[in-house]
Amino acid sequence: MNAWLKLQHLGLTEGGTRIIDDASLSFAARRTVVLGPNGAGKSTLLRLIHGLLRPSAGELRWQRAMTQAMVFQRPVMLRTTALANVIYGLGLKGHAAKECEQRGRQALARVGLESLARRPARLLSGGEQQRVALARAWALEPELLILDEPTASLDPASSREVERIIGDIAASGARILMTTHNLGQARRIAEQIVFIDRGCIVEQTPVEQFFTMPRTEAAQRFLKDEIP
Amino acid sequence: MITAVHLRVFFVLSSVLSVSSEVLRLMHEFNEPLVTAWQLVAGADARLAGIVLLSLRVSLSATLIACVAGMPIGALLAVGRFPGRRALIVLFNGLMGLPPVVVGLLVYLLLSRAGPLGQFGLLFSPTAMVIAQAILVTPIVAALTRQVIADAWSEYREQLRSLGASRPRAAATLLWDGRFSLTTAALAGFGRAIAEVGAVMIVGGNIDGVTRVMTTTIALETSKGDLPLALALGCILIALVLSINALAYALRAWAQRRWG
């Protein structure tokens, strides 16, 4: 498979500490989940790839320019309706108002929130807000969707719904790159696992192999600590 | 038979009485102007109404100008990245405490006949007062707006950048998003403008029927010893500021329920 993104000796140093240290990786899989303990640099890696952070060393080599969208752990909603929140990103891209409205409604329908389109977004539940955030990302029809622990603060039912939507977005053709602390979720979503620890890429393994026999000791320890 | 106890009670009572008669005398002295003041307000005295309306017109116009200028400045100071940003933040924070008389003096020099803007003949007009108050209030609005927008920016920053918002666009979005919180900034500016004496006194000249506003009238009438008008204006000023604050509070409470 062709790598759509190559990281070459990527590094990020902030205030003297190395948050990402000499990371070299090829992304070829359509669905990649980054695993690792707290503070390993998972979120930072995603932000570097999304362009929110600039690397202090190395570079990102894209096979070709890709449209991206990102969903964060805590959804950020503007003080307006759910629909207007979804449309906001489309408006920035310069789409006509009518097309925005249509695509916005479509995206809300796909996350199952069409009936809440006119509701103030900030008054929705946490799970509903995260689905609005997913609709906002999906409406942009990104080729790459990046998700930073999208279900970390959600209850099991909302998490399942979010997982279902991520699956649908992947099925619609977008590449998925996400982090999670839920190993079951990683197993259900990923094709490839990237395991990182203290800013270093430890291993990159197909998902089944990672969970049955990880190649490195660090990953074995990480999996053993999981409460069954 | 009169005992020591009786005597003591007598003394206590008489001293209480003498104190209360003193209080009554004072109350009467204070009461008379108060009654006259009330008659002025209740009777919608034309002179009084003119002064109050001019105050409102000048200070509301100044606040409006200050908001139009100060809010975008504050938002760009919060969101932008350009050389001299920190210095500007310190400057605007410092200018919040600008003494009104100094602003009055500067505007006076600008507008006086020999000054650079003297040809427009604006000195001693309500327009001059609006200019002075707008200069006084803009830094307040800008500094308070910057605070509100900076807080929002730390929450929204990544999301807005991820969606591809430029910094000016993000600033505009955050201004709209913070519209209810920003009433506080506008209100602080209005409070400063309506309560200020020094600047309007200098550039307005306190001309009866032309540039006389509440604060300058209070200052003048008090020094002349005409307390009723001063008191009436004082009461109206306080009532006005309180009710505008209450209104803004109600608006924010409504917005919180409506939009979260």
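(A) Main features of the overall build of chain A. In terms of regular secondary structure, chain A is built from eight helices and nine strands. Its C-alpha atoms give chain A a radius of gyration of 18 Å, within 12% of the compact-globule value 17 Å for 228 residues. Looking at the 228 residues of chain A, the share that counts as buried comes to 43%. Considering only contacts within chain A whose residues lie at least 6 apart along the sequence, 67% involve residues at least 24 apart.

(B) How the structure looks around the environment of A:A65. Examined against the element boundaries, A:A65 turns out to sit in the loop between strand 4 (57–62) and strand 5 (68–71). You can call A:A65 exposed: it has 7 C-beta atoms within 10 Å.

(C) Fine view of the nonpolar core. A:A135, B:A132, B:V141 and B:V203 are the most contacted members of the largest nonpolar core, which has 134 residues in total. In terms of residues, this core owes the most to one element, helix 5 (residues 126–162) of chain B, which gives 19 residues. Here this core spans two domains, since at least three of its residues come from each of domain 1 (1–65 + 181–228) and domain 2 (75–141) of chain A. Leaving out residues up to four positions away in the same chain, B:V203 has contacts with B:G104, B:V107, B:Y108, B:L111, B:L123, B:A128, B:M129 and B:A132.

(D) Up close: helix 5 (residues 156–171) of chain A. Residue and element names in this part refer to chain A. Along its 16 residues, helix 5 runs 22 Å from first to last C-alpha, staying within 8% of the 22 Å computed at 1.5 Å per residue. Where helix 5 is concerned, the buried positions are S159, V162, I165, I166 and I169. Down the axis of helix 5, the sector holding all buried residues measures 125 degrees, keeping them to one side. Of the exposed residues in helix 5, those oriented more than 90 degrees away from the buried face are P156, A157, R164 and A171. On its buried face, helix 5 is in contact with helix 4 (126–139), strand 6 (144–148), strand 7 (175–179) and helix 6 (183–189).

(E) Representation of the packing of helix 2 (residues 46–79) of chain B against helix 6 (residues 167–177) of chain B. All names here are of chain B. Where helix 2 meets helix 6, the axes come as close as 9 Å, and the angle between the chain directions of the two elements is 120 degrees. Viewed along their axes, helix 2 and helix 6 adopt a mutual orientation that is oblique. By crossing handedness, the relation of helix 2 to helix 6 is classed as right-handed. Contacts from M71, A75, L76 and V79 in helix 2 reach R167, A170, A171, L174 and L175 in helix 6. Split into classes, the residues belonging to the contact of helix 2 with helix 6 amount to eight nonpolar, no polar and one charged.

(F) Seen up close, the packing of helix 2 of chain B against helix 5 of chain B. Residues and elements named next belong to chain B. Relative orientation of the contacting elements helix 2 and helix 5 amounts to 35 degrees, with a least axis distance of 5 Å. Crossing angle aside, the handedness with which helix 2 passes helix 5 is right-handed. Taken together, the residues of the contact of helix 2 with helix 5 sort by class into 24 nonpolar, eight polar and two charged.

(G) Spatial organisation of the environment of B:Q39. Residues and elements named next belong to chain B. Among the secondary structure elements, Q39 is positioned in helix 1 (residues 4–42). Taking the number of C-beta atoms within 10 Å as the measure of exposure, Q39 has 12 and is therefore exposed. Along the chain, Q39 and R257 lie 218 residues apart, while their C-alpha atoms are 41 Å from each other.

(H) Spatial organisation of the pairing of strand 9 (residues 200–206) of chain A. All names here are of chain A. By the bridge criterion, six bridges tie strand 8 (residues 192–197) to strand 9 in an arrangement that is antiparallel. Across the sheet, F195 pairs through a bridge with E203, a residue of strand 9. The hairpin turn running from strand 8 into strand 9, its antiparallel successor, is two residues long, and R198 in that turn takes a positive phi close to 50 degrees.

(I) How the structure looks around the sheet that holds strand 4 of chain A. Residue and element names in this part refer to chain A. One open sheet accounts for three strands, arranged 2-1-4; its pairing is antiparallel. The open sheet has two edge strands, strand 2 (17–27) and strand 4, and neither has a second partner. Looking at each pair of strands side by side, their axes are set apart by 20 degrees on average, direction ignored. Direction of pairing for strand 1 (residues 5–14) relative to strand 2: antiparallel, over a ladder of seven bridges. Along strand 2, the bridge assignment pairs L7 with L25. Contacts from helix 1 (residues 42–50) reach strand 1, strand 2 and strand 4, with the element oriented near 60 degrees to strand 2.

About the thresholds
- Residues numbered from 1 in each chain as written.
- Chains lettered and ligands numbered in written order.
- Predicted model: local features only at pLDDT ≥ 70, side-chain atom pairs only at ≥ 80, totals over all residues.
- Helix = DSSP H or I, 4+ residues; strand = E, 2+ residues; numbered from the N terminus.
- Rg over C-alpha atoms; globule rule 2.2 N^0.38 Å.
- Buried ≥ 20, exposed ≤ 12 C-beta atoms within 10 Å, placed from the backbone.
- Contact = placed C-beta atoms within 7 Å.
- Core = buried A, V, L, I, M, F, W, Y, C linked by C-beta atoms within 7 Å.
- Domains from an automatic or database assignment.
- Expected span 1.5 Å × (residues − 1).
- Arc of directions from axis to C-beta.
- Axes fitted to C-alpha atoms, helices over the stretch in contact; angles between N-to-C directions.
- Parallel < 35°, antiparallel > 145°, perpendicular 65-115°, else oblique.
- Left-handed = near helix turned anticlockwise from the far one by under 90°.
- Nonpolar A, V, L, I, M, F, W, Y, C, P; charged D, E, K, R; others polar.
- Pairing = 2+ DSSP bridges.

Honestly, it's all geometry; don't read function into it.
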